[in-house]
Amino acid sequence: QVQLVESGGGLVQAGGSLRLSCAASGRTFSSYAMGWFRQAPGKEREFVARISWSGAYTYYTDSVKGRFTISRDNAKNTVYLQMNSLKPEDTAVYYCAADHTTDWRTTVMLYEYEYWGQGTQVTISS
């Protein structure tokens, strides 16, 4: 069982930055690949970024490449999403999720992830 708690959301102007954190409970955090997803009002939840259990591999959706960076600190059981050059279209609730695997695959599918956090709101004003 893994519990995930996101933090770091807020309201920023376009062009600004935010860093989201996702703290995980449990002693097996390093055996999970981690992902970030987002859901804008009236839209389906979509993939944002994924990181392997070791942090060696990352994968991003095209719309955030070069602006967002996913990272993790296994000693702190935490995964991060650094978001720079934010745009109004980045406004959404952001969720972290855990996929119990030490294999690497560039999956964007929600069903690959067994555990989800409650989400944190990110609002970008123009």
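Not measured: the values here are computed from a predicted model.

Engineer: How should the pattern of salt bridges be read in this particular structure?
Structural biologist: Any two side chains of opposite charge can pair, given that their charged atoms come close. Inspection of the entire model under this criterion finds seven salt bridges. Its salt-bridge partner being D90, residue R38 comes within 2.9 Å of it at the nearest N-O pair. One end of the pair, R38, is in strand β4 (residues 33-39); the other, D90, is in the loop between β8 (78-83) and β9 (92-99), and 52 residues separate them in sequence. The residue E112 makes a salt bridge to R105 at a minimum N-O spacing of 3.0 Å.

Engineer: Even after reading the chapter, I still don't get the sheet that holds strand β7 (residues 68-73), so can you show me in this structure?
Structural biologist: Sheets are built from strands paired through backbone hydrogen bonds, the pairs being either parallel or antiparallel. Read across the open sheet, the four strands follow the order β1-β3-β8-β7; overall the sheet is antiparallel. Each edge of the open sheet is held by one strand with a lone partner, namely β1 (4-7) and β7. The average angle at which neighbouring strand axes cross in this sheet is 15°, direction not considered. Here β1 pairs with strand β3 (residues 18-24) via four bridges, running antiparallel. Paired with E6 across the bridge in β3 is C22.

Engineer: I would appreciate a short explanation of the nonpolar core in the present structure.
Structural biologist: Generally speaking, a soluble globular protein has its nonpolar side chains buried in company with each other. Core analysis: the largest hydrophobic core is formed by 29 residues, its most contacted members being M34, W36, L81, M83 and Y94. When contributions to this core are tallied by element, the ones reaching two or more residues are β3, β4, β5 (46-51), β7, β8, β9 and β11 (120-125). With residues near it in sequence (within four places) discarded, M34 still touches L4, C22, F29, A49, R50, I51, I70, R72, V79, A97, A98 and Y113.

Engineer: Quick question: what am I supposed to make of a nonpolar patch on the surface here?
Structural biologist: A cluster of nonpolar side chains, V108, M109 and Y111, forms an exposed patch at the surface whose accessible area comes to about 310 Å². Tracing the sequence through the fold places M109 in the loop between β9 and β10 (115-116). By relative accessible area, which is 37% here, M109 ends up partly exposed.

Engineer: When you look at the state of the cysteines in this model, what are you seeing that I'm missing?
Structural biologist: Where two cysteines share a covalent bond between their sulfur atoms, that bond is called a disulfide. Under the criterion given, the structure shown has one disulfide. Between the sulfur of C22 and that of C96 lies a disulfide, 1.9 Å long from S to S. Residues C22 and C96 are joined through a disulfide that is right-handed, its torsion about the S-S bond being 50°. Of this pair, C22 sits in strand β3 while C96 sits in strand β9, and the two are 74 residues apart along the sequence. The pair C22 / C96 is uniform in exposure class, with both members buried.

Engineer: Teacher, can you tell me more about the packing of aromatic side chains here?
Structural biologist: Aromatic ring pairs are reported here in terms of the distance separating the ring centres and the angle at which the planes meet. The tally for this structure, following the rule as stated, stands at seven aromatic pairs. Among the aromatic residues, those joined into a cluster by ring pairs are F37, F47, Y59, Y113 and W116. In this structure, R72 packs its charged tip against the face of F29, placed 4.4 Å from the ring centre.

Reading the values: rules and limits
- Residues numbered from 1 in each chain as written.
- Predicted model: local features only at pLDDT ≥ 70, side-chain atom pairs only at ≥ 80, totals over all residues.
- Heavy atoms only, no water.
- Salt bridge = Lys/Arg side-chain N within 4 Å of Asp/Glu carboxyl O.
- Helix = DSSP H or I, 4+ residues; strand = E, 2+ residues; numbered from the N terminus.
- Pairing = 2+ DSSP bridges.
- Axes fitted to C-alpha atoms, helices over the stretch in contact; angles between N-to-C directions.
- Core = buried A, V, L, I, M, F, W, Y, C linked by side-chain atoms within 4.5 Å.
- Buried < 20%, exposed > 50% of the residue type's maximum accessible area, 1.4 Å probe, protein only.
- Contact = heavy atoms within 4.5 Å.
- Patch = residues over 30% accessible without salt bridge, like charges linked within 9 Å, V, L, I, M, F, W, Y side chains within 5 Å.
- Areas by Shrake-Rupley, 256 points an atom, 1.4 Å probe, with all protein chains shown as cover.
- Disulfide = S-S within 2.5 Å.
- Phe/Tyr/Trp six-rings, centres within 6.5 Å; stacked < 30°, edge-to-face > 60°.
- Lys NZ or Arg CZ within 6 Å of the ring centre and 35° of its normal.

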